[in-house]
Amino acid sequence: MREGKLTAAQAEELKALASRDLGTLAISILMSFGAIAVAAGILALNPSFATGAAIGVGLVLIGLAASFGVGERWSLLGTAGTVIGALLLGGGMIGVLDGAFPGFLFTALLLLVLAVVIRSSFLMALVPLALAAALGSSTGYFHATYMLIVSEPTITIAFFAVLALAGYLVSTRIESAYEGLAIVFARMSLLLVNFGFWIGSLWGDYPGESWAVGGMDSWTAREAWEKSVLHVPDWIFVLSWATLAIGVGIWAARANRRWVVTAAASSAAINFYTQWFERLGAEPWAIILAGLTVVAVAVGLWRYNTIRAGYYPSPAARA
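Residues numbered from 1 in each chain as written. Predicted model: local features only at pLDDT ≥ 70, side-chain atom pairs only at ≥ 80, totals over all residues. Heavy atoms only, no water.

Our focus in this paragraph is the environment of Thr 139. Looking at the element boundaries, Thr 139 is found in strand β1 (residues 138–142). The spacing of Thr 139 and Ile 149 is ten residues in sequence and 5.8 Å in space, taken between C-alpha atoms. Residues within four places of Thr 139 in sequence aside, it is in contact with Met 147 and Leu 148. (Helix = DSSP H or I, 4+ residues; strand = E, 2+ residues; numbered from the N terminus. Contact = heavy atoms within 4.5 Å.)

A word on the nonpolar core. Among the nonpolar cores identified, the biggest contains 36 residues, and Leu 111, Leu 123, Val 127 and Phe 160 are the most heavily contacted of them. Among the elements of the structure, α1 (8–44), α2 (49–70), α3 (75–96), α4 (101–118), α5 (121–134), α6 (153–171), α7 (176–203) and α10 (234–254) are those that each provide at least two residues to this core. When residues in this core are grouped by element, the largest group, seven residues, is from α5. One finds Ala 252, Val 260, Val 261 and Tyr 304 within the second-largest nonpolar core, a separate group that totals five residues. (Core = buried A, V, L, I, M, F, W, Y, C linked by side-chain atoms within 4.5 Å. Buried < 20%, exposed > 50% of the residue type's maximum accessible area, 1.4 Å probe, protein only.)

Turning our eyes to something else, we now look at the packing of aromatic side chains. Overall, the coordinates contain eight aromatic pairs when judged by the stated rule. Seen in terms of ring centroids, Tyr 168 and Trp 251 are 5.4 Å apart; in terms of plane orientation they differ by 90 degrees. Their pairing is edge-to-face. Linking Tyr 168 in helix α6 with Trp 251 in helix α10, this pair joins segments that are 83 residues apart in sequence. Considering the side-chain rings of Phe 197 and Trp 241, the 6.2 Å spacing of their centres and the 5 degrees angle between planes classify their relative orientation as stacked. (Phe/Tyr/Trp six-rings, centres within 6.5 Å; stacked < 30°, edge-to-face > 60°.)

Below you can see the structure in the form of structure tokens.
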């Protein structure tokens, strides 16, 4: 408004719209965490997997009925019921099928359908995670240690790169009411692509190893298999990750996709730091140089964002 690009009335209208959207976002976040807590609590009571799935079916049906048959004032409660039911049904079916591929595939399809029906970005964000679990990816935790597991880095990269591209292309061809869902799907897929590169950059990969050696009961058999198949060395992942991060970042900058620019810069920084400390260790001089690199990246991102936004904030605002 100070720059003369908005009138006072326009500025107030935009503030009101932003405030409404922020309130909706806060409510959605609370609802999502609440739904996760309820579903986790029910599963913690140790019902059979079939019972958990049956409860999930009931909650999904009740939630959909409340969302579309009772009225707008109950729509949020209906959405919460649907989300809780979807988590219970998906988790129950994964348990019934002993954590096998069909269970995760069913859950991914269930979440995809319900996400579209109730327009839930939260459920849509879980779809790529369910597909990643089907490929053997997971997370873990024990005391003061967090784990990221990607069993098939090469396959994960290729699979989710295709899904990220598909999600983006779909978002450009559908109505605005569903565009955000496609973008969420594409973004989560892109994050999983980076996870695949991250793990592959540390150990390399034998594509298909997690399935091929599953029934082998000796290291001798496993070593013999590894000698007979393709091995993708870690440096291939390092260079490919860096090249794609730069290339995708340049495309995103030209297409005005700020989230992708930030994600590309972040993944490039993770790659840089990972390889830096893996090879140089946490020496004081290495930490100083790494810190200076981060400052340079931050300045570059700030310059990009301010140029794209069309303004330069004051020194007080920057501080």
